[in-house]
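Here are the chains, one letter per residue:
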Amino acid sequence: VQLQASGGGLVQAGGSLRLSCAASGRTFGAYGMGWFRQAAGKEREFVAAITWNGGSTYYADSVKGRFTISRDNAKNTVYLQMNSLKPEDTAVYYCARSLGIATTPASVSSWGQGTLVTVSS
């Protein structure tokens with residue numbers, strides 16, 4: 001499987017961005033999907049995850065209420081809507097595929113390439 005993330009960029013604090021991750025293959029709807037991020041000099045951390053059918057979502061406390069994860073299985077795409085962005089949200093964001101829900105990097109079965117989000121103060 002290939003996961004292609006896009007939508008990163010430079011935004012001012014308080015602004016919004018929407019990340020997308022398009023997956024190849026015909027089994028997209030069978031997997032949980034998620035987003036992780038890695039800031040410079042820090043470990044990769046969980047951001048958000050969504051079950052195979054979109055029925056349940058999970059968020060890191062640091063983004064709860066500001067970020068929304070969603071998916072469109074017909075388009076093989078998962079999204080991350082990021083609102084009220086803060087400078088501490090600056091990181092490379094990675095989409096991830098997993099069996100079930102992955103809230104740790106060790107639980108991820110496939111990674112996409114990262115997309116850089118930079119939030120200026």
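The coordinates are above.
Here's what I pulled together on the structure shown here. (Residues numbered from 1 in each chain as written. Predicted model: local features only at pLDDT ≥ 70, side-chain atom pairs only at ≥ 80, totals over all residues. Heavy atoms only, no water.)

**Comments concerning the pattern of salt bridges**
Move 1: Overall, the coordinates contain four salt bridges when judged by the stated rule.
Move 2: A salt bridge links Lys 64 to Asp 61; its shortest N-O distance comes to 3.1 Å.
Move 3: Look at Asp 61 and you get exposed, because its relative accessible area is 66%.
Move 4: Three or more residues joined by partner-sharing salt bridges are found here, namely Arg 37, Glu 45, Arg 66 and Asp 89. (Salt bridge = Lys/Arg side-chain N within 4 Å of Asp/Glu carboxyl O. Buried < 20%, exposed > 50% of the residue type's maximum accessible area, 1.4 Å probe, protein only.)

**What about the nonpolar core?**
Move 1: In this structure, Trp 35, Leu 80, Met 82 and Tyr 93 are the most contacted members of the largest nonpolar core, which totals 33 residues.
Move 2: Put simply, the parts of the chain that give this core at least two residues each are strand E1 (3-6), strand E3 (17-23), strand E4 (32-38), strand E5 (45-50), strand E7 (67-72), strand E8 (77-82), strand E9 (91-98) and strand E11 (115-120).
Move 3: When sequence neighbours within four positions are dropped, the list of residues in contact with Tyr 93 reads Leu 19, Trp 35, Phe 36, Arg 37, Val 47, Phe 67, Leu 80, Met 82, Gln 113, Gly 114, Thr 115 and Val 117. (Core = buried A, V, L, I, M, F, W, Y, C linked by side-chain atoms within 4.5 Å. Helix = DSSP H or I, 4+ residues; strand = E, 2+ residues; numbered from the N terminus. Contact = heavy atoms within 4.5 Å.)

**Observations concerning the state of the cysteines**
Move 1: Summed over all chains, the structure comprises one disulfide.
Move 2: Disulfide pairing places Cys 21 opposite Cys 95 at an S-S distance of 2.1 Å. Linking Cys 21 and Cys 95, the disulfide has an S-S dihedral of approximately 50° and is accordingly described as right-handed. Residue Cys 21 is found in strand E3, and its partner Cys 95 is found in strand E9; the two are separated by 74 residues along the sequence. Exposure class is identical for Cys 21 and Cys 95. Each is buried. (Disulfide = S-S within 2.5 Å.)

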